[in-house]
Amino acid sequence: MQNTPVFKILSNLPPATLRAFDKYMASPYLVTHAGTSQLYDYLRARLHDAPAAELKKPRLAREIRESTRRLYHLTSYLLEAVERFLALESWNAHPHESHALTVEALRRLGLNELGAGMLRYARKRLETDPHRGAEYHRLDYRLQLEGYQLSQQQGRAKTFNLQELADAQDVAFIAEKLRTACLLLSHEAVSKRRYEKGLQDLLLGFLDGHPYLEIPAVAAYYHGYFALRGAADSDAHFQKLKTILEQQPQTFSIAEMHDLYLIAINFCIRRINQAEGRYFRDVFDLYQSGLQHGALLEDGALSRWTYTNIALAALNLQEYDWALNFLHEYAPLLPASHREGALNFNLARYYYDTGDYPQAMQHLLRMEYDDVLQNL
């Protein structure tokens with residue numbers, strides 16, 4: 001039973017989320033198959049401390065007084081409930097999406113006045129959101145479309161500004177297409193695989209000198225793309241991307257900030273690997289601001305590679321006090337399996353660079369030599 005998808009999902013839910021799922025499973029509206037809640041209660045009590053033998057299917061079937069065949073169906077129903085719950089949690093975490101769906105539902109019920117009121121509320125909430133990344137423009141288009149469809153039902157189609165709808169669709173598409181273009185370019189550099197570009201080149205030509213480049217979500221990915229591509233003017237595009245990240249961090253969600261910082265940092269690392277040492281200062285600036293905004297973390301954790309690269313940049317610039325403070329402050333955010341190894345490796349390098357060779361040797365002795373690159 002421990003190897004089933006439903007048990008794996010339940011075992012990985014944080015305590016607060018698991019408590020929310022308890023309430024979900026208690027609702028007869030949400031859980032309609034008899035016996036599903038009983039199976040959940042049994043598994044819930046044994047998620048983290050039950051011996052493997054207790055969760056074998058034949059014994060489990062006897063414990064909950066169901067046949068093995070019935071247990072198979074109940075497990076499927078429970079998995080479906082978990083998946084629907086996770087989708088609902090995601091929906092609750094994105095209120096703008098839920099507002100747009102509510103407008104649509106009211107419109108389909110023919111409650112146009114209520115739909116128009118909800119649309120005004122949704123528009124107000126979206127406009128007060130500080131984020132103006134690709135997600136914002138996709139939602140802007142969605143609300144513009146709902147507004148147009150409401151106006152048609154109310155017999156006022158001629159009063160609706162179709163230009164706003166068209167512009168919102170253009171910006172949403174362009175921002176997402178440029179974001180994908182950066183992902184393809186980054187992956188090509190690593191995998192040596194070539195991708196079909198589709199409308200990409202036409203879009204880049206269309207944007208050259210276009211006012212859409214004044215929109216941060218478009219400009220960031222546009223300049224990021226040309227920086228990654230390594231064109232003759234790639235440094236100018238990199239500097240524009242860096243300026244956007246430094247001056248308008250509130251524009252993007254954490255997920256988008258993470259992607260954009262990686263684009264800018266990878267540009268610097270590529271130049272550093274080409275013996276252009278002046279980019280150490282640029283990448284150090286990016287690391288500092290990325291840490292400040294939380295853009296370099298993934299699910300609250302810092303990868304050991306990023307941790308080591310940040311330390312390397314600081315030590316190269318002789319930012320010794322900052323480096324030592326960083327190494328101790330951010331070590332708890334490293335994955336537990338590599339925490340001690342990464343900390344001691346970088347402390348050894350810190351003490352070596354500052355001339356304290358006995359201390360460097362002590363930290364090298366504490367290292368776990370489980371990484372080929374660190375061994376080399």
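All values reported here derive from a predicted model rather than from experimental measurement.

With that out of the way, let us pick up helix H15 (residues 304-316). Counted at 1.5 Å a residue, the expected span for H15 with its 13 residues is 18 Å, and the 18 Å between its end C-alpha atoms agrees. For H15, the set of buried residues is Arg304, Thr306, Tyr307, Thr308, Ile310, Ala311, Ala313, Ala314 and Leu315. Count one or two residues on from H15 and you reach Gln318, which has phi positive near 60°.

Residue placement: Asp140 occurs in helix H8 (residues 134-153). Beyond its immediate sequence surroundings of up to four residues, Asp140 is in contact with Arg123, Leu126 and Ala168.

Attention now goes to the packing of aromatic side chains. Any aromatic ring pair is given by two values, namely how distant the centres are and how the planes are angled relative to each other. For the coordinates displayed, the defined rule picks out 17 aromatic pairs. Summarising the aromatic geometry, the rings of Tyr222 and Phe226 are spaced 5.0 Å apart at their centres and angled 65° between planes, so their arrangement reads as edge-to-face. A residue pair is termed a helical-turn pair when its members lie 3 or 4 positions apart in one helix, as Tyr222 and Phe226 do in helix H11 (residues 216-229) at 4 residues. The burial state of Tyr222 is the same as that of Phe226; both residues are buried. On the numbers, 4.9 Å between centres and 75° between planes, the contact of Tyr350 with Tyr351 is edge-to-face. Given the relative accessible area of 17%, Tyr351 is considered buried. Taken together, the aromatic side chains of Phe284, Tyr307, Trp322, Phe326 and Tyr330 make up a single cluster linked through ring pairs. Here Arg132 stacks its cationic end above the ring of Tyr136, 4.2 Å away from the centre of that ring.

With that settled, the discussion passes to the environment of Glu113. Mapped onto the elements of the fold, Glu113 is located in helix H7 (residues 112-128). Accessibility expressed as a relative area gives 59% for Glu113, which makes it exposed. Placed 37 residues apart in sequence, Glu113 and Leu150 show a C-alpha to C-alpha distance of 8.9 Å.

Further remarks concern helix H13 (residues 254-273). Given a rise of 1.5 Å per residue, 20 residues ought to cover 28 Å, and the 28 Å separating the end C-alpha atoms of H13 matches this to within 8%. Within H13, the full set of buried residues consists of Glu256, Met257, His258, Leu260, Tyr261, Ile263, Ala264, Ile265, Phe267, Cys268, Arg271 and Ile272. Next to the buried residues of H13 lie H8, helix H9 (162-191), H11, helix H12 (234-247) and helix H14 (279-293). After H13 finishes, the residue Ala275 shows a positive phi value of roughly 70°.

In this model, the chain carries an average pLDDT of 88, and 89% of its residues clear a pLDDT of 70 or more. Within the chain, the lowest mean pLDDT, 60, falls on helix H4 (residues 57-63), and the highest, 96, falls on helix H16 (residues 320-330).

The tally for this structure, following the rule as stated, stands at 18 salt bridges. We note a salt bridge from Arg194 to Glu188, for which the minimum N-O separation is 3.6 Å. On the basis of relative accessibility, which here comes to 66%, the residue Arg194 falls in the exposed class. A salt bridge links Lys197 to Glu188; the shortest N-O distance between them is 3.0 Å. Because the salt bridges share partners, they merge into one network encompassing Arg123, Glu127, Arg132 and Asp140.

Unlike most non-glycine residues, Ala275 shows phi in positive territory, near 70°. Residue position: Ala275 is located in the loop between H13 and H14. Even without being glycine, Asp299 reaches a positive phi, approximately 55°.

Definitions and limits used
Residues numbered from 1 in each chain as written. Predicted model: local features only at pLDDT ≥ 70, side-chain atom pairs only at ≥ 80, totals over all residues. Heavy atoms only, no water. Helix = DSSP H or I, 4+ residues; strand = E, 2+ residues; numbered from the N terminus. Expected span 1.5 Å × (residues − 1). Buried < 20%, exposed > 50% of the residue type's maximum accessible area, 1.4 Å probe, protein only. Contact = heavy atoms within 4.5 Å. Phe/Tyr/Trp six-rings, centres within 6.5 Å; stacked < 30°, edge-to-face > 60°. Lys NZ or Arg CZ within 6 Å of the ring centre and 35° of its normal. pLDDT = per-residue confidence, 0-100. Salt bridge = Lys/Arg side-chain N within 4 Å of Asp/Glu carboxyl O.

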